[in-house]
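Topology and contacts: notes
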Amino acid sequence: MPAARGEPPPIEGVCDRRFAAVRDAFASNFVERGEVGAAVAVSVGGRVVVDLWGGWADARRRRPWRQETLVDFFSVGKAFSAVCAHRLVERGLVDLDAPIARYWPEFGATGKEDITLRQVLSHRAGLPALRAPLPDGAMLDWATMTRALERQAPWWQPGTAHGYHVNTFGYLVGEVVRRTTGTTLGSFLRTEVTGPLGADVHIGLPASEHGRAAEFLWPAGPPAPDRAALTDDELMKWNVYWNPPGLSGAGWVNTAAWRAAEIPSTNGHGTARGVARVYAALARGGAIDGVRVLAAPVLRSAVAEHSYGPDRVLERPSRFALGFQLTQAERPLGPNAGAFGHFGAGGSLGFCDPEADLALGYVMNDMGPRWQNPRNRALVDAVYTGL
């Protein structure tokens, strides 16, 4: 039965008594901040101290959220995509400052011959959107999207500004991974990172796991504008999210086709504990329990600031390393300067704070505010009261 009005649903899981404030904040999210279904996990010193879940895994509120419930965490997956790229850098298979066209020759057309992986990872490549209209569903076809990116000219001079590559990021990074390894990014992530770590995180969800996936409560999208009436900058910002129309997930996010596809920027699925497990390794210099995700020097390079200030896509300040978002005054990841991670649409979050040896994963199924989300902020603030 649903919880009584003004009461949180049953909160399941474990919580170290030092972090009781996290449990309180998690419960308050349901009562005060509109949470429907969610989970949060926290690791400190390599040990899980919080693993909580509650609420509903469907819009009709008939299927309880369970420990094994997976959900789309959207842009949280960008950081996992970046980890894959940095593993290739560590092995000497990819040079961050070499033209991407060295690995993907067809990419070097229409003014992109000098664009580097470093520029893509720091959102400075000028490729946040596709100009030529694509049909709905095209985002599910890898070849269609990568060929469209081959034809796309930069929207600004690469390297001169940054703008969040909301959905194109994963295709760009993923095709470099595919060209250099012969395998897809989702397969590489599973084999090289999440599998060895035992992290329940997926880009391209196997059909056998679809029954665990929560329904995502996607709000109605805005009406399509008259494209002919848009300025070039306005067209870019529209296409970032809506070309093809389902690029961000609208109308598709709860389908088997969406879950099975590999859309690394946008359709990663996982549990909060799985997200926190990856970040627990990153918090400890790149390794945990004998599993090395990245060598410490490569990780230090990966989390160095590359972009900060006005974002040409978001129209607000953003701060990026190489595939990771960095803590910033406008949207802090706790009080320490070295925290890094990635937010996802609606409030999902994965991050770590190496100074505190802390990692956090938070996943949910209701589209809350995308910017300065009060649910994840309450959880992050509560974690630090227990340290």
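To start, this report covers the structure provided alongside it. Owing to the predicted nature of the structure, the values given are computational and were not obtained by experimental measurement.

**Some thoughts on the pattern of salt bridges**
- Tallied over the entire structure, the rule returns 24 salt bridges.
- When the shortest N-O distance is used, the salt bridge between Lys237 and Asp233 registers 2.9 Å. Taken together, the positions of Lys237 and Asp233, both in helix 7 (residues 232-242) and 4 residues apart, correspond to about one turn of that helix.
- The class of Asp233 is partly exposed, set by a relative accessible area of 30%.
- Measuring nitrogen to oxygen at the nearest pair gives 3.6 Å for the salt bridge that ties Arg312 to Asp233. Highlighted residues: Arg312 in the loop between strand 9 (307-310) and strand 10 (317-320) and Asp233 in helix 7, separated in sequence by 79 residues.
- Taking the relative accessible area as the measure of exposure, Arg312 reaches 32% and is therefore partly exposed.
- A single network of salt bridges, built from pairs that share partners, joins Glu106, Glu150, Glu175, Arg178 and Arg179.

**Focus on the sheet that holds strand 5 (residues 201-202)**
- Here we have 3 strands laid out as an open sheet, ordered 4-6-5, and antiparallel in their pairing. Unpaired on one side and paired on the other, strand 4 (71-72) and strand 5 mark the two borders of the sheet.

**Re the packing of helix 1 (residues 20-32) against helix 11 (residues 374-385)**
- One way to put it is that helix 1 packs onto helix 11 with a least axis distance of 8 Å and a crossing angle of 165°. It follows from the interaxial angle that helix 1 and helix 11 lie roughly antiparallel. Regarding helix 1 and helix 11, the two cross each other, and that crossing is right-handed. In this structure, helix 1 uses Ala21, Val22, Ala25, Phe26 and Asn29 to contact helix 11, whose residues at the interface are Pro374, Arg375, Ala378, Leu379, Ala382, Val383 and Thr385.
- The residue makeup of the contact of helix 1 with helix 11, split by class, is 9 nonpolar, 2 polar and 1 charged.

**As for the nonpolar core**
- Within the largest apolar cluster, 114 residues are counted, with the highest numbers of intra-cluster contacts made by Val40, Phe80, Leu197, Tyr279, Leu282, Phe324 and Phe351.
- With 9 residues, helix 9 (residues 272-283) is the single largest residue contributor to this core.
- Leaving out residues up to four positions away in the same chain, Val40 has contacts with Val22, Phe26, Val50, Asp51, Leu52, Ala272, Leu360, Gly361, Tyr362 and Leu379.
- Among the nonpolar cores identified, the runner-up in size contains 12 residues, and Val166, Leu235, Met236 and Leu314 belong to it.

**What about helix 4 (residues 142-151)?**
- Of the positions making up helix 4, those classed as buried are Met145, Thr146, Ala148, Leu149 and Glu150.
- On its buried face, helix 4 is in contact with helix 5 (168-181).

**Some details on helix 11**
- Here helix 11 is 12 residues long and its end C-alpha atoms lie 17 Å apart, about the 16 Å a rise of 1.5 Å per residue gives.
- Every buried residue belonging to helix 11 is among Arg375, Asn376, Ala378, Leu379, Val380, Ala382, Val383 and Tyr384, and all of these are buried.
- Where helix 11 is buried, its residues meet helix 1, strand 2 (37-44), strand 12 (340-343), strand 13 (349-353) and strand 14 (358-364).
- Its side-chain oxygen at 2.8 Å from the backbone nitrogen of Arg375, Asn373 defines the N-terminal cap of helix 11.

**Here we look at the environment of Arg259**
- You can see Arg259 is positioned in helix 8 (residues 256-260).
- Judged by relative accessible area, Arg259 falls into the buried class, the value being 9%.
- Between the C-alpha atom of Arg259 and that of His202, which follows or precedes it by 57 residues, the distance is 9.5 Å.
- Setting aside anything within four residues of it in sequence, one finds Arg259 in contact with Gly204, Leu205, His210, Ala213, Ala214, Glu215, Val253, Asn254, Asn267 and His269.
- Polar side-chain contacts of Arg259 include one of 3.4 Å to the backbone oxygen of Ala214.

**So, the environment of Leu333**
- Considering the arrangement of structural elements, one finds Leu333 in the loop between strand 11 (325-326) and strand 12.
- Leu333 sits in the buried class, given a relative accessible area of 1%.
- With 48 residues separating them along the chain, Leu333 and Asp381 place their C-alpha atoms 8.7 Å apart.
- Leaving out residues up to four positions away in the same chain, Leu333 has contacts with Gln325, Leu326, Thr327, Ala339, Phe340, Gly341, Phe343, Leu349, Phe351, Val380 and Tyr384.

What counts and what doesn't
Counting starts from 1 at the beginning of each chain's written sequence and moves along it residue by residue. pLDDT decides what is reported in this predicted model: residues at 70 or higher carry local features, side-chain atom pairs at 80 or more are listed and counted, and totals for whole chains, interfaces and linings draw on all residues regardless. Water and hydrogen atoms play no part in the side-chain values, which are based on all heavy atoms of the structure. What counts as a salt bridge is simple: a side-chain nitrogen of Lys or Arg found within 4 Å of a carboxyl oxygen of Asp or Glu. Helical segments are the DSSP runs of H or I of at least four residues, strand segments are the runs of E of at least two, and each set is numbered from the N terminus. The buried label goes to any residue with under 20% of its type's maximum accessible area, the exposed label to any with over 50%, and the partly exposed label to all in between, with areas taken from a 1.4 Å probe on protein chains only. Strands pair, by our definition, only if DSSP identifies at least two bridges between them. Every angle, taken between N-to-C directions, lies between 0 and 180 degrees, and every axis is a line fitted to C-alpha atoms, over only the stretch in contact when it is a helix. To sort the angles, those under 35 degrees are grouped as roughly parallel, those over 145 as roughly antiparallel, those from 65 to 115 as roughly perpendicular, and the leftovers as oblique. Should the near helix be turned counterclockwise from the far one by less than a right angle, the crossing is left-handed, whereas a clockwise turn marks it as right-handed. In this description, contact between two residues means that some pair of their heavy atoms is separated by no more than 4.5 Å. Lys, Arg, Asp and Glu make up the charged group, whereas Ala, Val, Leu, Ile, Met, Phe, Trp, Tyr, Cys and Pro make up the nonpolar group; the residues left over, Gly among them, are polar. To define a nonpolar core, start from buried Ala, Val, Leu, Ile, Met, Phe, Trp, Tyr and Cys residues and group those joined through side-chain atoms within 4.5 Å. Here the expected length of a helix is defined as 1.5 Å per residue gap, with one fewer gap than residues. Within 3.5 Å is the distance limit for a polar contact, defined as a pair of N or O atoms, with the added protein rule that one can donate a hydrogen and the other accept it, and that residues adjacent in sequence qualify only through two side-chain atoms.

By themselves, these figures tell us nothing about what the structure is for.
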